[in-house]
Amino acid sequence: MPKQQPKHQLVTIKGTKDGLVLRLDDQCAYADLLEELGRKTQDPGLEGAVEVKIHTGHRYCSDAAMKEIIQTVQSAGQLRVSKIQSDVITVEECNQRIREQQSETYIGIVRSGQEVRAKGDLVVIGDVNPNGYVSAAGSIYILGRLKGKAHAGNTGNREAVIAASWLEATHLIIADQMETMTDELAILSEQPEMECAYLHSNGFIAIDRLQDLRLLRPNLSTFKGGS
Amino acid sequence: MGEAIVITSGKGGVGKTTSSANLGTALALQGKKVCLVDTDIGLRNLDVILGLENRIIYDLVDVIEGRCRIQQALVKDKRFEDRLFLLPAAQTTDKNAVTPEQMKDLITELKRDYDYILIDCPAGIEQGYKNAVAGADRAIVVTTPEISAVRDADRIIGLLEQEDIEPPKLIINRIRRSLMNSDDTLDVNDITSHLSIDLLGIVLDDENVIASSNKGEPVVMDPNNPAALGYRNIARRILGESVPLMSIDTGKPGFFGKLKSLFKK
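Residues numbered from 1 in each chain as written. Chains lettered and ligands numbered in written order. Predicted model: local features only at pLDDT ≥ 70, side-chain atom pairs only at ≥ 80, totals over all residues.

**Q** Would you mind going over helix H1 (residues 16–29) of chain B in detail, with residue names and values included?
**A** Think of an α-helix as turning once every 3.6 residues; residues three or four places apart then point the same way. Across its 14 residues, H1(B) extends 20 Å between first and last C-alpha, which sits within 8% of the 20 Å expected from 1.5 Å per residue. Following H1(B) by one or two positions, B:Gly31 has its phi on the positive side, about 90°. (Helix = DSSP H or I, 4+ residues; strand = E, 2+ residues; numbered from the N terminus. Expected span 1.5 Å × (residues − 1).)

Put into structure tokens, the structure is as follows:
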């Protein structure tokens with residue numbers, strides 16, 4: 001059986017001001033795509049090391065498929081994939097993203113030995129007692145006394161903050177930066193009310209008035225509308 | 001149908017056993033039928049404090065393993081006719097000899113015959129604690145005005161809140177008037193706001209508590225003792241009376257004290 005030739009190009013190479021973009025057809029068979037991709041990227045017309053972006057359109061590619069595509073493109077040795085873009089994600093990934101952007105609310109006291117973890121932001125209504133631990137991928141907001149340990153941005157978000165009505169924590173961690181509050185405690189306990197901790201541009205955790213958060217992290221606001 | 005109350009603290013040496021003995025005695029003095037259960041298997045003390053050590057024949061593990069009936073193991077306190085009994089812990093085995101399910105069955109059986117079952121919990125949060133809490137309907141957490149005891153109380157309250165029982169209540173034991181009035185220890189308000197549970201009562205520190213425990217007579221039997229008053233008040237609150245919290249200010253000021261306060265104005 002003779003191999004059916006595709007009527008239109010499965011891989012379109014476009015030059016943009018940021019470099020080359022390989023646009024992959026999202027309706028054809030994956031094997032055909034890979035075959036054409038290999039052929040096109042071997043094209044002797046391409047010279048020198050070039051960075052390319054790949055756009056997979058509405059085709060969902062598993063991690064293994066992505067790897068295969070990258071390998072195919074890079075096998076010629078001239079192209080280097082800088083980024084892969086896709087218009088689709090799985091439901092699971094979507095839910096994960098929603099969770100990361102949502103805030104979870106815990107009502108109660110986080111007592112010694114207890115842990116509360118959130119995938120997005122975390123709102124605690126109650127105290128966090130010494131040896132209690134709260135951790136979130138996003139920011140942590142505590143309506144009550146924070147007297148234990150808090151870790152905001154636990155997946156590496158350096159923009160995350162820890163805000164509390166009463167900030168008297170033993171340990172503050174933001175992303176990978178930890179601060180033990182031994183020295184600061186004296187300063188804090190004089191005025192621990194309504195404070196927030198954030199990662200200062202100098203790389204250390206700083207503590208400021210809660211009211212200053214709008215200037216420090218304006219992007220945290222998700223409020224739409226109003227006047 | 002009676003009520004089972006576990007008396008716990010997390011930290012050792014804050015007065016769980018002393019409190020159990022005194023509260024049990026105080027409830028018996030109020031005319032209730034009380035059974036004290038010592039769950040500190042391997043390190044039993046409650047029998048000593050009650051002065052019943054010599055009369056133990058069978059113990060809790062004997063009952064659970066079916067070597068005797070509950071009635072045979074219960075030790076009667078003769079000072080209270082038929083109102084105060086003790087189920088002593090075993091001394092020769094360890095805490096793993098009993099499972100929470102077995103404890104639950106045992107306590108359920110005792111609840112049929114007694115108004116109150118006070119369960120004296122061992123220190124720690126391991127098997128012994130789990131056994132003690134298994135059959136309880138309510139919990140009392142004992143702490144002292146020391147930061148270490150309060151930390152452990154916080155831990156135990158966290159664990160108790162995950163059990164299927166009523167919210168635990170707090171007893172602050174061994175309060176020393178002079179220290180508390182001079183702000184050298186945590187005061188009652190600090191502790192209750194930190195732990196944020198209801199305060200059941202406070203007990204003042206008193207030398208006679210130790211002296212009477214050594215004699216095998218719970219201090220609560222002496223109506224004039226300040227610590228005894230604390231325990232009696234707590235017992236009345238357990239029975240549902242509303243009793244005002246006793247003051248921890250040092251009695252009346254002396255002559256010079258009065259003079260001083262005059263000048264302060």
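More follows now that the structure is in view.
**Q** Tell me what's going on with the interface of chain A and chain B, and back it up with residues and numbers.
**A** Taken together, the contact between chain A and chain B spans nine residues of the former and seven residues of the latter. Looking at the side of chain A that touches chain B, its residues break down into two nonpolar, five polar and two charged. (Contact = placed C-beta atoms within 7 Å. Nonpolar A, V, L, I, M, F, W, Y, C, P; charged D, E, K, R; others polar.)

**Q** How would you sum up the environment of A:Leu199? Please name residues and give values.
**A** Residues and elements named next belong to chain A. In this fold, Leu 199 is placed in strand S14 (residues 193–199). Residue Leu 199 is classed as buried on the basis of its 24 C-beta neighbours within 10 Å. Measuring from C-alpha to C-alpha, the distance between Leu 199 and Glu 159 comes to 7.0 Å, with 40 residues separating the pair along the chain. Filtering out sequence-adjacent residues up to four positions away, Leu 199 remains in contact with Arg 158, Ile 174, Ala 175, Gln 177 and Ile 205. (Buried ≥ 20, exposed ≤ 12 C-beta atoms within 10 Å, placed from the backbone.)

**Q** Please provide a residue-by-residue account of the sheet that holds strand S1 (residues 11–16) of chain A, values included.
**A** Residues and elements named next belong to chain A. The strand order across the open sheet formed by four strands is S1-S2-S3-S4, and the pairing between neighbours is mixed. Only two strands of the sheet have a single neighbouring strand rather than two, namely S1 and strand S4 (79–85). Pairwise comparison of adjacent strand axes, ignoring direction, gives a mean angle of 30° for this sheet. Two strands pair when backbone bridges link them, and S1 and strand S2 (residues 19–24) are joined in this way by six bridges, in the antiparallel orientation. Counted as the bridge partner of Gly 15 is Leu 20 from S2. The strands that helix H1 (residues 30–41) touches are S1, S2 and S4; relative to S1, the one it contacts most, it runs at about 45°. Sheet strands touched by helix H2 (residues 63–74): S2, strand S3 (50–55) and S4. Its angle to S4, the strand with the most contacts, is close to 150°. (Pairing = 2+ DSSP bridges. Axes fitted to C-alpha atoms, helices over the stretch in contact; angles between N-to-C directions.)

**Q** Give me the domain arrangement of chain A: which residues, what numbers.
**A** Each domain of chain A was delimited in the assignment, giving domain 1 (11–85) and domain 2 (95–220). One C-alpha centre belongs to domain 1 of chain A, the other to domain 2 of chain A, and the line joining them spans 43 Å. (Domains from an automatic or database assignment.)

**Q** Tell me about the environment of B:Asn233, residues and numbers included.
**A** Residue and element names in this part refer to chain B. Positionally, Asn 233 belongs in helix H11 (residues 226–238). Accessibility expressed as a C-beta count within 10 Å gives 20 for Asn 233, which makes it buried. For the pair formed by Asn 233 and Ala 26, sequence separation is 207 residues and the distance between their alpha carbons is 8.9 Å. Setting aside anything within four residues of it in sequence, one finds Asn 233 in contact with Gly 201, Val 243 and Met 246.

**Q** Break down the sheet that holds strand S15 (residues 205–209) of chain A for me, with residues and values.
**A** All names here are of chain A. Pairing within the open sheet is mixed, and its six strands lie in the order S5-S7-S9-S11-S14-S15. Looking along the sheet, the strands with just one partner apiece sit at the ends: strand S5 (103–107) and S15. Averaged over all pairs of adjacent strands, the angle between their axes in this sheet comes to 25°, without regard to strand direction.

**Q** Hey, could you go over the packing of helix H7 (residues 147–161) of chain B against helix H9 (residues 188–195) of chain B for me, with residue numbers and the actual values?
**A** Residue and element names in this part refer to chain B. In the contact formed by H7 and H9, the axes pass within 10 Å of each other and the chain directions differ by 30°. Here H7 lies roughly parallel to H9, going by the angle between them. Two packed elements cross with a definite hand, and for H7 against H9 that hand is right-handed. Seen from H7, the contacting residues are Val 150, Ala 153, Asp 154 and Ile 157; seen from H9, they are Ile 191, His 194 and Leu 195. A breakdown of the residues in the contact of H7 with H9 according to their chemical character gives five nonpolar, one polar and one charged. (Parallel < 35°, antiparallel > 145°, perpendicular 65-115°, else oblique. Left-handed = near helix turned anticlockwise from the far one by under 90°.)

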